[in-house]
Amino acid sequence: MNLTGRELYFEPHEVIVSKTNLKGKITYANETFAQIAEIKRKDAIGKPHNFIRHPHMPKCIFKLLWDAISEGQEVFAYVLNRSTKGNEYWVFAHVTPSFDQSNKIIGYHSSRRVPNRQIVDTVIKPLYQELLKIEQSAASKKSGLENSYKTLQDTIQASGKKYNHFIMTLGE
Ligand SMILES: Cc1cc2nc3c(=O)[nH]c(=O)nc-3n(C[C@H](O)[C@H](O)[C@H](O)COP(=O)(O)O)c2cc1C
């Protein structure tokens, strides 16, 4: 995977939007998504969402995300993404399930804004580095994920808050 280490930025008035089916395949992407992911909108449709996955993102964050949305909950998360050209960009994502009239989940929707830079630099980067290190130093992928997920849960628990509340109040 080619990574340039070059960071891309978007504007505070912009929102990066995508929608997926139940399996995380993209069914909708707006122009801002396409621009920063350095892909044509039509080419993003049908791709699994992990095509912009950055290797520095710990797996446990995505486990937490999928656990929550598949149970019908919303999730807020700081995410480092990768464009098709190997550039990277930080986002603050709000991911929600979409329901049909019988309350069945039929897909997912993510809106992303510019993240608070200070929180990314002082809290998120060190936390994610620690979680990634735990994942990479484990004997197996499975135990790595179990260990990092536990560390993440312990960190949240130590704050005395639930995950979303913990994330939303990091700057306070
Ligand atoms: C609506 C929605 C939006 C998502 N947005 C992203 C995203 O911006 N970046 C990302 O890496 N994964 C995103 N994911 C999670 C991916 O589906 C996937 O779990 C993640 O990239 C980890 O990939 P992996 O399981 O291959 O390691 C999103 C999932 C959903 C349902």
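Please refer to the structure higher up on the page.
Would you take a moment to explain the site of the ligand for this structure?
If you check the shell around the ligand, you find 15 residues, and the closest are Asn50, Arg53, Trp66, Asn81 and Arg112. Those elements that provide at least two residues to the shell around the ligand are α3 (59-70), β3 (75-82) and β5 (105-113).

Sorry if this is basic, but what is going on with the environment of phenylalanine 10 here?
As for its position among the elements, phenylalanine 10 is in the segment before β1 (16-20). As a C-alpha pair, phenylalanine 10 and lysine 63 span 53 residues in sequence and 26 Å in three-dimensional space.

What is the right way to read helix α4 (residues 117-137) from this model?
Because the α-helix completes a turn every 3.6 residues, residues three or four places apart line up on one side. Over its 21 residues, α4 runs 28 Å from end to end, which matches the ideal 30 Å to within 8%, given 1.5 Å per residue. The largest bend in α4 is about 40°, located at isoleucine 124, with the proline proline 126 one to four residues further on. For α4, every residue scored as buried is listed here: Ile119, Val120, Ile124, Leu127, Tyr128, Leu131, Leu132, Ile134 and Glu135. In this structure, the buried residues of α4 make contact with α3, β3, β4 (88-99) and α5 (141-159).

What's the story with unusual backbone geometry in this structure? I'm lost.
Negative phi values dominate among residues other than glycine, just as trans dominates among peptide bonds. A positive phi angle, close to 55°, is found at glutamate 38, a residue other than glycine. With respect to the helices and strands, glutamate 38 occurs in the loop between α1 (31-37) and α2 (41-44). Here glutamate 38 falls in the partly exposed class, since its relative accessible area comes to 23%. At asparagine 103, a residue that is not glycine, the phi angle is positive and equals roughly 70°.

Help me out: how do you make sense of the packing of aromatic side chains in this one?
Two numbers describe a pair of aromatic rings. These are the distance of the centres and the angle of the planes. Counted according to the given criterion, the structure contains 5 aromatic pairs. On the basis of an interplanar angle of 50° and a centroid distance of 6.4 Å, the ring pair of phenylalanine 33 and phenylalanine 51 is categorised as tilted. With phenylalanine 33 in helix α1 and phenylalanine 51 in the loop between α2 and α3, this pair connects stretches of sequence that are 18 residues apart. Of the residues examined, phenylalanine 51 reaches a relative accessible area of 14% and is grouped as buried.

Sorry, what's going on with the pairing of β4 here?
Along a regular strand, successive side chains alternate from one face of the sheet to the other. When β3 meets β4, the two strands line up antiparallel, connected through 8 bridges. Note that in β4 the partner of valine 79 across the bridge is valine 91. The hairpin formed by β3 and β4 contains 5 residues between the paired strands, and glycine 86 there has a positive phi angle of roughly 90°. Two elements, β4 and β5, share 8 bridges in a ladder whose sense is antiparallel. Counted as the bridge partner of phenylalanine 92 is arginine 113 from β5. Hairpin connection, β4 to β5: the antiparallel pair is bridged by 5 residues, and asparagine 103 has positive phi, about 70°.

In this structure, what is going on with the layout of surface pockets? I would like to understand it.
If a probe the size of a water molecule is rolled over the atoms, the empty space left behind becomes visible. A volume near 460 Å³ is recorded for the largest pocket. If you go around the largest pocket, you meet 22 residues; those closest to its centre are His49, Asn50, Phe62, Leu65 and Trp66. Of the residues that constitute the lining of the largest pocket, the class distribution is 10 nonpolar, 8 polar and 4 charged.

What is the right way to look at the sheet that holds β5 in this model?
Whenever strands of a sheet pair, they do so through backbone hydrogen bonds, lying parallel or antiparallel. With antiparallel pairing, 5 strands are arranged side by side in an open sheet as β2-β1-β5-β4-β3. Looking at which strands have only one partner, the edges of the open sheet turn out to be β2 (26-29) and β3. Neighbour-to-neighbour, the strand axes of the sheet open up by a mean angle of 30°, direction not taken into account. In terms of strand pairing, β1 meets β5 through 5 bridges, oriented antiparallel. Note that in β5 the partner of isoleucine 16 across the bridge is arginine 112. Packed on one face of the sheet, α4 meets β3 and β4 and runs near 80° to β4.

What counts and how
- Residues numbered from 1 in each chain as written.
- Predicted model: local features only at pLDDT ≥ 70, side-chain atom pairs only at ≥ 80, totals over all residues.
- Heavy atoms only, no water.
- Near = heavy atom within 4 Å.
- Helix = DSSP H or I, 4+ residues; strand = E, 2+ residues; numbered from the N terminus.
- Expected span 1.5 Å × (residues − 1).
- Bend = angle between axes of the 7 residues up to and from the residue.
- Buried < 20%, exposed > 50% of the residue type's maximum accessible area, 1.4 Å probe, protein only.
- Contact = heavy atoms within 4.5 Å.
- Phe/Tyr/Trp six-rings, centres within 6.5 Å; stacked < 30°, edge-to-face > 60°.
- Pairing = 2+ DSSP bridges.
- 1 Å grid on protein atoms, 1.4 Å probe; cavity = no way out; pocket = protein on both sides within 12 Å on 5 of 7 lines; lining within 4 Å.
- Points joined across faces, edges and corners; volume = space filled by probe spheres on them.
- Nonpolar A, V, L, I, M, F, W, Y, C, P; charged D, E, K, R; others polar.
- Axes fitted to C-alpha atoms, helices over the stretch in contact; angles between N-to-C directions.

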